[in-house]
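Descriptive structure summary
So you can see what is in the structure, the chains are spelled out below.
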Amino acid sequence: MIVGQIAKGERKLALANLGFAYAAFLIGTLCGLLQVFIRNDALTLPGWLDYYQVLTAHGLLLAIVFTTFFIFAFFQAGMSRTLGSFGRKVLLWNWIGFIVTSLGTLLVVTMVIGGQASVLYTFYAPLQAHGLFYVGLALFVIGTWIQGFALIGHYRVWRKQHKGEFSPLFAFMTVATLIMWIIACLGVVAAVLFQFIPWAFGWVEGINVELSRSLFWYFGHPLVYFWLLPAYMAWYVIVPKILGTKVFSDSLARLSFVLFILFSIPVGFHHQLTEPGIASFWKFLQTVLTFMVIIPSLMTAFSMFATFELRGRELGGKGLFGWFRKLPWKDVRFTSIFIAMAFFIPGGAGGIINASFQMNEVIHNTLWVVGHFHITVGTPVAMTFFGLTFWLIPYLSGRRLTKALQKLAFIQIISWSVGMLLMSTAQHVLGLMGAPRRTAYTGYAHDDALAWFDGVLSNHVTMAVGGAILFLSASLLIYIVIQLWWIAPKADVHQAETFPIASSDVSATPGFLENWKLWVGIAFVLIAIAYTIPLADLIQHAPPGSGRFQTW
Ligand code: HEM
Ligand SMILES: [Cu+2]
């Protein structure tokens, strides 16, 4: 059997992470299917299962477990591919981190299934889950830190051996993403260790609710960039290789990742615009910082389309848009990611609406928000990961994506797009008309108001049709994953999938871009400016702590 160019240790590690990711994906999407039918009163759950229990599982399994495990698989395979095989210590610590992350996940999932933690994935106080739920969360984060530091260790070894050289772009971006993740998690770790665990186990009586929410969102916004940056890595580094060209601009790519470290953290208050206890000035400041992220986002969009156009013209595309037809549409590795990018255009535009103080009043806590994150994390990120899966699993398993499997893969990405278009459009429109999010079926509204939800698009039935198509698509993906992992024909040397990495010209890249001390320093200064005074305020002028509530 021929297995890519990857050592056995990393291969097993990445596959273990992928196994967890796709198990979570299957159960998570099944929960999504239940939700869309419950919300339009087509399904009633048995007494032992609760809507909010299902929704907690859905949010956690898809937004946290699927993404994180997938991302680490991608990082581990890619770091081994670009920097060389892991040393014994790096490999060992990656495994230890993986095991701790997995134990945390299992503990959290057990608590949710056991009906002890229907607190949704944001676990807002004063809703109180079993203490072990928070212990599981802490283990999960610590496990990712161990894996993260192990990968950074691998990078440091490489740099010591290659003094004065730029690291490969893939490795640079991995390190940038991990640095952002580690800084971001400080908030959630502080809340879980110092607030939730003592409170849930009954060691202290009250919890400072607003402080816990602020610490959560200090983490919660960069969390979305933790999902997004690995997808951007695929766009910057993998896609050009599939197109047969090189990275458009190495320094632009590195600069945009540095800007994401700076501007994705000090902005959590844009999720708390309606909350008391934070003065308007701080909300305003963090909103301004939020909008700074538009700069690296548009830099990314620009370099993607520049790559497409330049390559399309090289291949003979003429006229204003002739290059578009020359792109490799028959290659599912490309088309999947192109669709992912296309979904991100309305997704990003919606994000600007959400982050705007006044417009947020209209959409806050409505189904619009649900529509929004399904066309950001639920499609651009998730579908980029699907597109990676089609070659990453063969690369790791030594099998082939056959013609028949590629056909199925096309059906899968197209059905996901159709399902998502229906579901998320309905969610956006319903939300604008006032349908709340995080609410099981309710007939509690005036008849006139219920009539608003009778349109073609503003309809819970449209949402359910979309959701059902999505679940079929998810099941098809699981079938493809199983085929690629265990069943498809083995590849020989010539057919073996490779890990596509585009070459990147560093001759014009300024050295300070790889000066991590500088960027981490600036990131902490921005965080201190945006958070010190309002958090100190929340602690000093704390109201009496809240008791524990279990509403289920
Ligand atoms: C079969 C595919 C899917 C279906 C049918 C589906 C359906 C839904 C529905 C109906 C809700 C809103 C429920 C409510 O607010 O009452 C929801 C929430 C959510 N979905 Fe999905 N979804 C799917 C896939 C995904 C994926 C792939 C992701 C992320 C990678 C995702 C992440 C989330 C998150 C984070 C929430 C919010 C949970 C909360 O409010 O606590 N979903 N989903
Ligand atoms: Cu945010």
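Residues numbered from 1 in each chain as written. Chains lettered and ligands numbered in written order. Predicted model: local features only at pLDDT ≥ 70, side-chain atom pairs only at ≥ 80, totals over all residues. Heavy atoms only, no water.

In the nomenclature of an unreviewed UniProt entry, the chain is known as Cytochrome c oxidase subunit I of Halobacillus faecis. Regarding the chain, the UniProt comment filed under Sequence similarities (unreviewed entry) reads as follows: "Belongs to the heme-copper respiratory oxidase family." (UniProt positions renumbered as here; feature names shortened; annotations may be inferred.)

Our focus in this paragraph is the UniProt feature "domain: Cytochrome oxidase subunit I profile" (unreviewed entry) in the chain. Following the UniProt record, the feature "domain: Cytochrome oxidase subunit I profile" (unreviewed entry) maps to residues 20-513 here. Each end of residues 20-513 is marked by a C-alpha atom, and these two atoms are 35 Å apart; helix forms 71% of the span and strand 0%. (Helix = DSSP H or I, 4+ residues; strand = E, 2+ residues; numbered from the N terminus.)

What follows covers the layout of surface pockets. In this structure, the second largest pocket spans a volume of roughly 570 Å³. Around the second largest pocket, the lining is made up of 34 residues, and of these Ala 57, Leu 60, Val 108, Val 109 and Val 112 lie nearest the centre. Put simply, the parts of the chain that give the lining of the second largest pocket at least two residues each are helix H1 (8-39), helix H2 (51-83), helix H3 (88-113), helix H4 (131-161), helix H5 (169-200) and helix H6 (209-243). Residue contributions to the lining of the second largest pocket peak at 7 residues, all from H2. (1 Å grid on protein atoms, 1.4 Å probe; cavity = no way out; pocket = protein on both sides within 12 Å on 5 of 7 lines; lining within 4 Å. Points joined across faces, edges and corners; volume = space filled by probe spheres on them.)

Attention now moves to the site of ligand 1. Neighbouring ligand 1 are 27 residues, the closest being Arg 39, Tyr 51, His 58, His 374 and Arg 438. Between Gln 35 and ligand 1, the recorded distance is 3.5 Å, taken from a side-chain N or O atom to a nitrogen atom. At a separation of 2.9 Å, an oxygen atom of ligand 1 approaches a polar side-chain atom of Arg 437. In terms of residue count, H1 provides more of the shell around ligand 1 than any other element does, 6 residues in total. Of the residues in the shell around ligand 1, the class split is 16 nonpolar, 8 polar and 3 charged. (Near = heavy atom within 4 Å. Polar contact = N/O pair within 3.5 Å; in protein donor to acceptor, adjacent residues only side chain to side chain. Nonpolar A, V, L, I, M, F, W, Y, C, P; charged D, E, K, R; others polar.)

Time to look at the coordination of the iron atom of ligand 1. Put simply, a metal with four donors set out as a tetrahedron has ideal angles of 109.5 degrees, and one with six donors set out as an octahedron has ideal angles of 90 or 180 degrees. Protein coordination at the iron atom of ligand 1: the donors are His 58 (NE2) and His 374 (NE2), at 2.0 Å from the metal. In this structure, the iron atom of ligand 1 is surrounded by 6 donor atoms whose angles at the metal cover 86 to 180 degrees, and the resulting shape is octahedral. Remark: His 374 occurs in helix H13 (residues 367-374) and His 58 occurs in helix H2; sequence separation between them is 316 residues. Taken individually, His 58 and His 374 each receive the classification buried, so the pair is uniform in this respect. (Donors = N, O, S within 2.8 Å, 3.2 Å for Na, K, Ca; no water. Tetrahedral: all angles 85-135°; square planar, octahedral: opposite > 155°, others 65-115°. Buried < 20%, exposed > 50% of the residue type's maximum accessible area, 1.4 Å probe, protein only.)

Next up on the list: the side chain of Thr 335. Here Thr 335 lies in helix H11 (residues 332-355). Owing to a relative accessible area of 10%, Thr 335 belongs among the buried residues under this scheme. The residues contacting Thr 335, other than those within four sequence positions of it, are Pro 328, Trp 329, Lys 330, Phe 410 and Ile 413. (Contact = heavy atoms within 4.5 Å.)

Coordination of the copper ion (ligand 2) by the protein involves His 221 (ND1), His 270 (NE2) and His 271 (NE2), with metal-donor separations of 1.9 to 2.0 Å. Considered as a linear motif, the donors of the copper ion (ligand 2) on their single chain read H-x48-H-H. A relative accessible area of 25% places His 271 in the partly exposed class.

A rise of 1.5 Å per residue sets the reference length of H2, with its 33 residues, at 48 Å; its end C-alpha atoms lie 46 Å apart and thus fit the reference within 8%. The sharpest bend along H2 measures roughly 35 degrees and falls at Leu 61. Counting buried residues along H2, 31 of its 33 residues qualify, which places the element largely inside the surrounding structure. Where H2 ends, the next residue or the one after it, Gly 84, has phi of about 100 degrees, a positive value. (Expected span 1.5 Å × (residues − 1). Bend = angle between axes of the 7 residues up to and from the residue.)

Over the atoms, a rolling probe the size of a water molecule traces out where space has been left empty. Tallied over the entire structure, the rule returns 1 cavity of 30 Å³ or more. There is about 50 Å³ of room inside the largest cavity. In terms of lining, the largest cavity is formed by Trp 235, Tyr 236, Val 239, Pro 240, Val 247, Phe 248, Ser 249, Ser 303, Met 304, Thr 307 and Phe 308. Contributing elements (two or more residues each) for the lining of the largest cavity: H6 and helix H9 (294-314).

A few words on a nonpolar patch on the surface. Together, Leu 132, Phe 201, Trp 203 and Val 204 line one region of the surface with nonpolar side chains, adding up to about 380 Å² of accessible area. As for its placement among the helices and strands, Phe 201 is situated in the loop between H5 and H6. (Patch = residues over 30% accessible without salt bridge, like charges linked within 9 Å, V, L, I, M, F, W, Y side chains within 5 Å. Areas by Shrake-Rupley, 256 points an atom, 1.4 Å probe, with all protein chains shown as cover. Salt bridge = Lys/Arg side-chain N within 4 Å of Asp/Glu carboxyl O.)

Another aspect to go through is the environment of Ala 57. Mapped onto the elements, Ala 57 comes out in helix H2. Of the residues examined, Ala 57 reaches a relative accessible area of 16% and is grouped as buried. When the C-alpha atoms of Ala 57 and Leu 255 are compared, they prove to be 37 Å apart, with 198 residues separating the residues in sequence. Those residues in contact with Ala 57, other than ones at most four positions away along the chain, are Cys 31, Leu 62 and Val 112.

Turning our eyes to something else, we now look at unusual backbone geometry. Trans peptide bonds make up the majority, and among non-glycine residues the majority have a negative phi. That bond from Ala 125 to Pro 126 is cis: its omega, 5 degrees, falls within 30 degrees of zero. Relative to the assigned elements, Pro 126 resides in the loop between H3 and H4. For Leu 120, which is not glycine, the phi dihedral falls at a positive 65 degrees. The residue Leu 120 is located in the loop between H3 and H4 in this model. If you check the backbone angles, Arg 438 has positive phi at about 50 degrees while not being a glycine. Within the element layout of this structure, Arg 438 appears in the loop between helix H15 (403-432) and helix H16 (447-452). Here Arg 438 falls in the partly exposed class, since its relative accessible area comes to 22%.

Right, let's talk about the side chain of Arg 399 for a bit. With respect to the helices and strands, the residue Arg 399 is situated in the loop between helix H14 (377-397) and H15. On the accessibility criterion, Arg 399 (12% relative accessible area) is buried. With near-sequence residues (within four places) excluded, Arg 399 lies in contact with Pro 394, Gln 483, Leu 484, Trp 485, Trp 486, Ile 487, Ala 488, Pro 489, Lys 490, Ala 491 and Glu 497.

Turning next to the pattern of salt bridges. For side chains bearing opposite charge, pairing can occur when the charged atoms are close. Evaluation of the coordinates by the stated rule reveals 8 salt bridges. We note a salt bridge from Arg 213 to Glu 275, for which the minimum N-O separation is 2.7 Å. Here the residue Arg 213 occupies a position in helix H6, and Glu 275 occupies one in the loop between helix H7 (250-263) and helix H8 (280-292), the gap between them amounting to 62 residues. Considered together, Arg 213 and Glu 275 belong to a single accessibility category, that of buried residues.

Turning to the packing of aromatic side chains, a few remarks are in order. Throughout the structure, instances matching the rule amount to 62 aromatic pairs. Geometrically, the ring pair formed by Tyr 22 and Phe 70 is edge-to-face, given 6.4 Å between the ring centres and 85 degrees between the ring planes. With Tyr 22 in helix H1 and Phe 70 in helix H2, the pair connects residues that are 48 residues apart, well separated along the chain. Looking at Tyr 22, the relative accessible area reads 4%, which means it is buried. Here the aromatic rings of Phe 321 and Trp 323 are separated by 6.5 Å at their centres, their planes lie at 45 degrees, and the arrangement is tilted. By relative accessible area, Trp 323 is classed as buried at 6%. The ring of Tyr 124 has Arg 213 lying over it, and the distance from NZ or CZ to the ring centre is 4.0 Å. Between Arg 254 and the ring centre of Phe 172, over which it is positioned, the NZ or CZ distance is 4.9 Å. (Phe/Tyr/Trp six-rings, centres within 6.5 Å; stacked < 30°, edge-to-face > 60°. Lys NZ or Arg CZ within 6 Å of the ring centre and 35° of its normal.)

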